[in-house]
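Here is how the chains run, residue by residue.
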Amino acid sequence: KNEKEFLVWMFNLGWRCSSSLFNSVRRLPFVNIERNFASRKHKKFIKFAKGYVGRANRCFRIAHRRVEKAWATAYRGRKMKKRAMRKLWIMRINAAG
């Protein structure tokens, strides 16, 4: 099995050989070579975009934009929340005093 996998790999890289096993491999469909970085990155963003409407939860490019915007809004929202709580705190202190 390992020899066959190796021959499939060689064939997909464009190698040619006179082996009968290699010739039988040529009829097999293209075997996808593992994509590590891009697919991991894409899967991560698709996972972050879970629950979004339309293609934003399926297509990487759209999901990436939406997730980045969501992160920016969340960052801004955290600052606004602190600002509002500080305002409320000052108002309560002034009302009590």
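Scroll up to find the structure.
Residues numbered from 1 in each chain as written. Predicted model: local features only at pLDDT ≥ 70, side-chain atom pairs only at ≥ 80, totals over all residues. Heavy atoms only, no water.

> Just to check I follow, could you spell out the overall build of the chain for this structure?
Scanning the chain from N- to C-terminus turns up four helices and zero strands. The order of helices and strands in the chain, counted from the N terminus, is α-α-α-α. Across the 97 residues that make up the chain, the buried fraction comes to 14%. Residue pairs in contact within the chain that sit at least 24 positions apart in sequence constitute 4% of those at least 6 positions apart. Surface summary for the chain: the accessible area is close to 8700 Å², and the carbon and sulfur share equals 58%. (Helix = DSSP H or I, 4+ residues; strand = E, 2+ residues; numbered from the N terminus. Buried < 20%, exposed > 50% of the residue type's maximum accessible area, 1.4 Å probe, protein only. Contact = heavy atoms within 4.5 Å. Areas by Shrake-Rupley, 256 points an atom, 1.4 Å probe, with all protein chains shown as cover.)

> Could you clarify how one ought to interpret the packing of aromatic side chains in this entry?
When we look at a pair of aromatic rings, we describe it by the centre distance and by the angle of the planes. In this structure the tally under the stated criterion is four aromatic pairs. Aromatic side chains F45 and W71 sit 5.8 Å apart centroid to centroid with 45° between the ring planes, which places their arrangement in the tilted category. Of this pair, F45 sits in helix α3 (residues 37-48) while W71 sits in helix α4 (residues 60-96); the two residues are 26 residues apart in sequence, bridging distant segments of the chain. By relative accessible area, F45 is classed as buried at 7%. With a centroid separation of 5.3 Å and 75° between ring planes, the pair formed by F48 and W71 is classed as edge-to-face. Placement of F48 in helix α3 and of W71 in helix α4 is noted, with a sequence separation of 23 residues between them. (Phe/Tyr/Trp six-rings, centres within 6.5 Å; stacked < 30°, edge-to-face > 60°.)

> Looking at this structure, how should I read a nonpolar patch on the surface?
A surface patch of nonpolar side chains, amounting to about 320 Å² of accessible area, comprises W89, I90 and I93. Along the chain, the position of I90 falls in helix α4. (Patch = residues over 30% accessible without salt bridge, like charges linked within 9 Å, V, L, I, M, F, W, Y side chains within 5 Å. Salt bridge = Lys/Arg side-chain N within 4 Å of Asp/Glu carboxyl O.)

> What is the right way to look at α4 in this model?
Counted at 1.5 Å a residue, the expected span for α4 with its 37 residues is 54 Å, and the 53 Å between its end C-alpha atoms agrees. The complete set of buried residues in α4 reads F60, A63 and V67. (Expected span 1.5 Å × (residues − 1).)

> Sorry, what's going on with the nonpolar core here?
In summary, soluble globular proteins display a tendency toward joint burial of nonpolar side chains. Among the nonpolar cores identified, the biggest contains five residues, and these are F45, A49, F60, A63 and V67. By residue number, the principal contributor to this core is α4, which donates three residues. (Core = buried A, V, L, I, M, F, W, Y, C linked by side-chain atoms within 4.5 Å.)

> Which parts of the structure should I look at to understand a positive patch on the surface?
Taken together, R55, R58, R61 and R65 make up a surface patch of like positive charges. Relative to the helices and strands, R61 resides in helix α4. (Lys, Arg positive; Asp, Glu negative; His and termini not counted. Charge placed at Lys NZ, Arg CZ, Asp CG, Glu CD.)

These values are about where atoms sit, not about what they do.
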